[in-house]
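# Per-entry structural report
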Amino acid sequence: MDDASRVFPPLPSDEELKTLYPSNMELLNVQILFRHGERTPVRARFQTWGLPPFWPFCKIARQFTQTIVTYPNDATTPFEYVRRLESVAKDLPKNVPVPASGFTPGQSDDLCMLGELTDLGRETGFTVGDRLRWLYINKLKFLPPLFTDHKYFYFRSSHVARSNETLLSLFNGLYPPTFRKDGLKPTVYTRLFPQENAYPNDENCRRLSELGFMFTEIVANRWNPILADYPSSKLTDVLPNGVAIDGSPRASGVFDTVAACVAHNVPYPEGFKDERVVKEIRDAVMDEWYLGVQKSREYRTLAVGALAGDFLYRIKLAVNADKASHGSKLKDLFATKEKFEPREKAVKLALYGSHDTTIASLLCAMEAFEHKWPPFTSELKFELFGHSKPVEVPKPVDKPTVSTSESEVMNTPLRPAGFVSSKTKREYFVRLTYNDKILKLPGCAKEGDHLPGDSAFCTLDAFEKVINEFVPQNWELQCRQNLGKPVLDNAEIADEFSKIPRAEGALMAKPHA
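Residues numbered from 1 in each chain as written. Predicted model: local features only at pLDDT ≥ 70, side-chain atom pairs only at ≥ 80, totals over all residues. Heavy atoms only, no water.

- Under an unreviewed UniProt entry, the protein chain has the name Histidine phosphatase superfamily and belongs to Lipomyces kononenkoae.

Set out below in structure tokens:
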């Protein structure tokens, strides 16, 4: 397994940039959905093999700063403190607290919480921001060189700390301290858990949770016999009960821990260095997480449709702003049911801190998934372009001067009809890039659905059609519909699920990695 962390390719040359960003295409809006940086495993696993639950890779996070109020004058002041982690001793009477240790006994400094962004994760987040600065500020001059105003930006993160911290690291690379106006701080938006859509929120969507259970059972029925064979035979030293989709630990949890080990150069069991073992576990886990998005419109609608609708919303805001700036008659791009006065203005750059499952699910929904797990700090980029296309307007044919002489009329030469191009038509295109690779969406492949000669530039209409295929009308309402029913939009999947042998009266339980 060598793809846990993102590998950054060389920055494009000036000639390559001219091809990537043609001079006749005006960049209007960029939205980037990115996975957080490298983190520790979300659960402690392989402890019997020797892997400790606490990893010493959080030196930066160890130094905490909080804002406190100084009484009685209510003045706020930074307050710094050092964090130490505590555990419970296993070789002493129950519940006796002891300082947590890392890879060696007594190593109590710089320890990370489970699932915490590590120093490496902060560094790679900064790298992403630095590369964005190079592209959009230094080369394309799309963004202002100094952060002096909020008006060009929208920043949002999931409520999970590692996503927010990666966003801040990225911003620090995009606008280092010397390139910010004194006292101006970025505004980062976060949603309440019940309304969160920065990842598939099955905790607050009962129907999505049900569908997830169904697809997990299908995948377990397909893959458990395969995993019980070769992978389990190579992992008996760490997984004596074998590896399974619904095992303990689950296959997804095993995969997560090994990926974190690889990213941080931490030793892990030899069995996971077998390419066939890794491939079969990875393929099984990807089916567990993403088969539903690929096979059920209802599933992808509830999983990532609301977030996709957010992207489309900001694209429409940018298009409307561009039309207004060109003096065009403003065509309302919002459907009748969406008509309202937007409370927000169009921005140039929107950044969304999210997770691997978000990115992969969106790629699946748009039929652009290459069946590879998104590495840490992966980014899915939406770029909106404006293009002024000359419109040929017929020039009226000159008429002869009125004459009483028929021969004079017949012999008056007429200037040939021609065309003038004094008018232009504003067109809009959307291009997607995933980890520096330009994507070509199947939904934009037909002639007329993309820029002539380059199918990577989707017409706005074609892109909107792709996205609206899985945008929910009312996410909260649809999360309460069809409860207790099988998969309704894929008869083959529903039939497969119905034939899975299970104990009478057995209930599906929420999986834990």
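## Description of the overall build of the protein chain
- Each helix and strand counted, the protein chain has 14 helices and 13 strands in total.
- Per-residue burial for the protein chain yields a buried fraction of 47% across its 513 residues.
- Put simply, the protein chain shows about 27,100 Å² of open surface, and 53% of that area lies on carbon and sulfur atoms. (Helix = DSSP H or I, 4+ residues; strand = E, 2+ residues; numbered from the N terminus. Buried < 20%, exposed > 50% of the residue type's maximum accessible area, 1.4 Å probe, protein only. Areas by Shrake-Rupley, 256 points an atom, 1.4 Å probe, with all protein chains shown as cover.)

## Section: the pairing of strand β8 (residues 349–354)
- In terms of burial, β8 is a largely internal element, 6 of the 6 residues being buried.
- Residues Leu-349, Leu-351 and Gly-353 point to one face of β8 and Ala-350, Tyr-352 and Ser-354 to the other, with burial holding for every one of them.
- Two elements, strand β1 (residues 26–35) and β8, share 6 bridges in a ladder whose sense is parallel. Counterpart to Val-30 in the pairing with β8 is Leu-349. (Pairing = 2+ DSSP bridges.)

## Notes on the nonpolar core
- Counting residues in each nonpolar core, the largest one holds 85 residues, and the members touching the most others are Phe-272, Leu-380 and Phe-463.
- Ranked by residue count, the leading element in this core is helix α9 (residues 297–325), at 11 residues.
- When sequence neighbours within four positions are dropped, the list of residues in contact with Phe-463 reads Leu-312, Ile-315, Phe-382, Val-430, Leu-432, Leu-441, Cys-444 and Cys-458.
- Formed by 30 residues, the second largest nonpolar core is a distinct cluster that contains Leu-143, Phe-155, Leu-184 and Phe-457. (Core = buried A, V, L, I, M, F, W, Y, C linked by side-chain atoms within 4.5 Å. Contact = heavy atoms within 4.5 Å.)

## Observations regarding the packing of helix α8 (residues 275–295) against helix α10 (residues 356–365)
- One way to put it is that α8 packs onto α10 with a least axis distance of 9 Å and a crossing angle of 30°. Put simply, α8 runs roughly parallel to α10. Where α8 crosses over α10, the handedness of that crossing is right-handed. Here Trp-289, Tyr-290, Val-293 and Gln-294 of α8 lie close against α10, whose contacting residues are Asp-356, Thr-357, Ala-360, Ser-361, Cys-364 and Ala-365.
- Its residues placed into classes, the contact of α8 with α10 shows 6 nonpolar, 3 polar and 1 charged. (Axes fitted to C-alpha atoms, helices over the stretch in contact; angles between N-to-C directions. Parallel < 35°, antiparallel > 145°, perpendicular 65-115°, else oblique. Left-handed = near helix turned anticlockwise from the far one by under 90°. Nonpolar A, V, L, I, M, F, W, Y, C, P; charged D, E, K, R; others polar.)

## With respect to the environment of Leu-460
- Tracing the backbone shows Leu-460 in helix α12 (residues 460–468).
- In this structure, the C-alpha to C-alpha distance between Leu-460 and Phe-429, residues 31 residues apart in sequence, is 5.1 Å.

## Topic: the pattern of salt bridges
- Using the criterion set out here, one finds 30 salt bridges in the structure.
- For the salt bridge of Asp-109 with Arg-84, the shortest nitrogen-to-oxygen distance reads 2.7 Å. Of this pair, Asp-109 sits in the loop between β5 (97–99) and α3 (119–139) while Arg-84 is found in the loop between β3 (75–82) and β4 (86–88), placing the two residues 25 residues apart along the sequence.
- Across the pair Asp-322 and Arg-426 runs a salt bridge, and its minimum N-O distance is 2.8 Å. On the criterion of sequence distance, the pair formed by Asp-322 in helix α9 and Arg-426 in strand β10 (residues 418–434) is long-range, its members being 104 residues apart.
- Salt bridges here are not isolated pairs; linked through shared partners, they connect Arg-6, Arg-131, Glu-379 and Asp-436. (Salt bridge = Lys/Arg side-chain N within 4 Å of Asp/Glu carboxyl O.)

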